[in-house]
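# Survey of secondary and tertiary structure
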Amino acid sequence: MIDSLVTLVVDLSGGMAALGIVLFTVAVRLLLLPLSVRQARAVKVRERLAPKLRALRARHGRDPQRMSKELSALYATEGSSPFAGIVPSLAQVPFMWLMYRVATHPTALVGHDLFGAPLGQQVAGLVTHYGLVSGPVLVFVVVVAMVAAVAWFSARQIKVSEELPGSVRRISKLLPYGAVVATLVLPLAAGLYLLVSTAWATGERAVLASRPL
């Protein structure tokens, strides 16, 4: 199945697997766009309701059942729910799993590369085969650096409620850098997917945040 998927993607991209991964990623992001719009709307709803949420917590903080009921009712007035922002993140999981399967398949990406760097290789494998100072390793370093830059921009976009504990706020700001860690340990194909996907998501959030929803 994985071999067939790679063959299809490569054929559709004119024989270039790297371009196929980019096109696949863009297709996934376009497919998830309606959910991303819902997520952006949920963020704006939460910002509008922040004063009322603080008042509810002060009034019913010791009664979890009453608090849950009042929260649901408050969000219902805005046509949203406390969990509306979670769905888009969960929707990406199957596509991430599929790309991971493709990237780690022993034969699917054999013979395919990005500027000379094999798509199926991790950075450790590239160093072993080509040496630390080499073109393929440089390609991987550039991809990692670009993912890190996108993660930095993404972290600056994150708005964390001041009501959350300090440790939670700090962790929330660090979450985008998980893509950097993943790129360092996964094959280059997965890193390319993460680069395109996170860059798209970061740009998408900036555009949606600036528009009325």
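Computed from a predicted model, the values in this text were never measured in an experiment.

### A closer look at the environment of Ala155
- Among the structural elements, Ala155 can be located in helix α8 (residues 135-157).
- Look at Ala155 and you get buried, because its relative accessible area is 9%.
- Placed 21 residues apart in sequence, Ala155 and Pro176 show a C-alpha to C-alpha distance of 6.0 Å.
- Dropping the residues within four chain positions of it, Ala155 is found in contact with Lys173, Pro176 and Tyr177.

### Topic: the packing of α8 against helix α10 (residues 178-185)
- At a minimum axis separation of 8 Å, α8 and α10 run at an interaxial angle of 165 degrees. Comparing their axes, α10 and α8 come out roughly antiparallel. Crossing angle aside, the handedness with which α8 passes α10 is right-handed. Across the interface between the two elements, Phe140, Val143, Val144, Val147, Ala148 and Ala151 of α8 pack against Ala179, Val180, Thr183 and Leu184 of α10.
- Partitioned by chemical class, the residues of the contact of α8 with α10 number nine nonpolar, one polar and no charged.

### Comments concerning the packing of aromatic side chains
- Per the stated rule, a full pass over the model turns up two aromatic pairs.
- On the numbers, 6.3 Å between centres and 40 degrees between planes, the contact of Phe24 with Tyr193 is tilted. Residue Phe24 is found in helix α2 (residues 17-31), and its partner Tyr193 is found in helix α11 (residues 188-209); the two are separated by 169 residues along the sequence.
- Look at Tyr193 and you get buried, because its relative accessible area is 1%.

### Some details on helix α4 (residues 64-76)
- Helix length check: α4 (13 residues) gives 18 Å between terminal C-alpha atoms against 18 Å at 1.5 Å per residue, within 8%.
- Packing partners of the buried residues in α4 comprise α3 (33-60).

### What about the packing of α8 against α11?
- Running from N to C, α8 and α11 cross one another at 25 degrees; their axes reach a closest spacing of 9 Å. The orientation of α8 with respect to α11, classified from their angle, is roughly parallel. Two packed elements cross with a definite hand, and for α8 against α11 that hand is left-handed. Residues Val139, Phe140, Val143, Met146, Val147, Val150, Phe153, Ser154 and Gln157 of α8 pack against Leu188, Gly191, Leu192, Leu195, Thr198, Ala199, Thr202, Arg205 and Ala206 of α11.
- Class assignment for the residues of the contact of α8 with α11 results in twelve nonpolar, five polar and one charged.

### Things to note about the environment of Gln121
- Among the structural elements, Gln121 can be located in the loop between β2 (117-118) and α7 (123-130).
- Between the alpha carbons of Gln121 and Phe140 there is a distance of 9.7 Å; along the sequence they are 19 residues apart.
- Ignoring any residue separated from it by four or fewer positions in sequence, one finds Gln121 in contact with Leu126, His129, Phe140, Pro187 and Leu188.

### Observations regarding the pattern of salt bridges
- Counted according to the given criterion, the structure contains one salt bridge.
- Notably, a salt bridge pairs Glu204 with Arg29, separated by 3.4 Å at the nearest N-O pair. In this pair, Glu204 sits in helix α11 while Arg29 sits in helix α2, placing the two residues 175 residues apart along the sequence.
- Owing to a relative accessible area of 4%, Arg29 belongs among the buried residues under this scheme.

### A closer look at the nonpolar core
- The biggest cluster of nonpolar side chains holds 34 residues, and the ones touching the most others in it are Ile21, Leu114, Leu119 and Leu188.
- Counting residues per element, the ones that place at least two in this core are α2, α6 (93-104), α8, α10 and α11.
- Residue contributions to this core peak at eight residues, all from α8.
- Counting eight residues, the second largest nonpolar core, distinct from the first, contains Leu49, Leu53, Leu56 and Leu74.

### Digging into a nonpolar patch on the surface
- Taken together, Leu138, Val141, Val142 and Met146 make up a surface patch of nonpolar side chains, about 350 Å² in accessible area.
- Looking at where Met146 falls in the secondary structure, it is placed in helix α8.
- Taking relative accessible area as the criterion, Met146 reaches 42% and is therefore assigned partly exposed.

### Brief notes about the confidence of the model for the protein chain
- Residues of the protein chain with pLDDT of at least 70 account for 83%, and the chain-wide mean is 80.
- Mean pLDDT in the protein chain bottoms out at helix α1 (residues 2-12), which sits at 66, and peaks at α8, which reaches 93.

Thresholds, definitions, all that
- Residues numbered from 1 in each chain as written.
- Predicted model: local features only at pLDDT ≥ 70, side-chain atom pairs only at ≥ 80, totals over all residues.
- Heavy atoms only, no water.
- Helix = DSSP H or I, 4+ residues; strand = E, 2+ residues; numbered from the N terminus.
- Buried < 20%, exposed > 50% of the residue type's maximum accessible area, 1.4 Å probe, protein only.
- Contact = heavy atoms within 4.5 Å.
- Axes fitted to C-alpha atoms, helices over the stretch in contact; angles between N-to-C directions.
- Parallel < 35°, antiparallel > 145°, perpendicular 65-115°, else oblique.
- Left-handed = near helix turned anticlockwise from the far one by under 90°.
- Nonpolar A, V, L, I, M, F, W, Y, C, P; charged D, E, K, R; others polar.
- Phe/Tyr/Trp six-rings, centres within 6.5 Å; stacked < 30°, edge-to-face > 60°.
- Expected span 1.5 Å × (residues − 1).
- Salt bridge = Lys/Arg side-chain N within 4 Å of Asp/Glu carboxyl O.
- Core = buried A, V, L, I, M, F, W, Y, C linked by side-chain atoms within 4.5 Å.
- Patch = residues over 30% accessible without salt bridge, like charges linked within 9 Å, V, L, I, M, F, W, Y side chains within 5 Å.
- Areas by Shrake-Rupley, 256 points an atom, 1.4 Å probe, with all protein chains shown as cover.
- pLDDT = per-residue confidence, 0-100.

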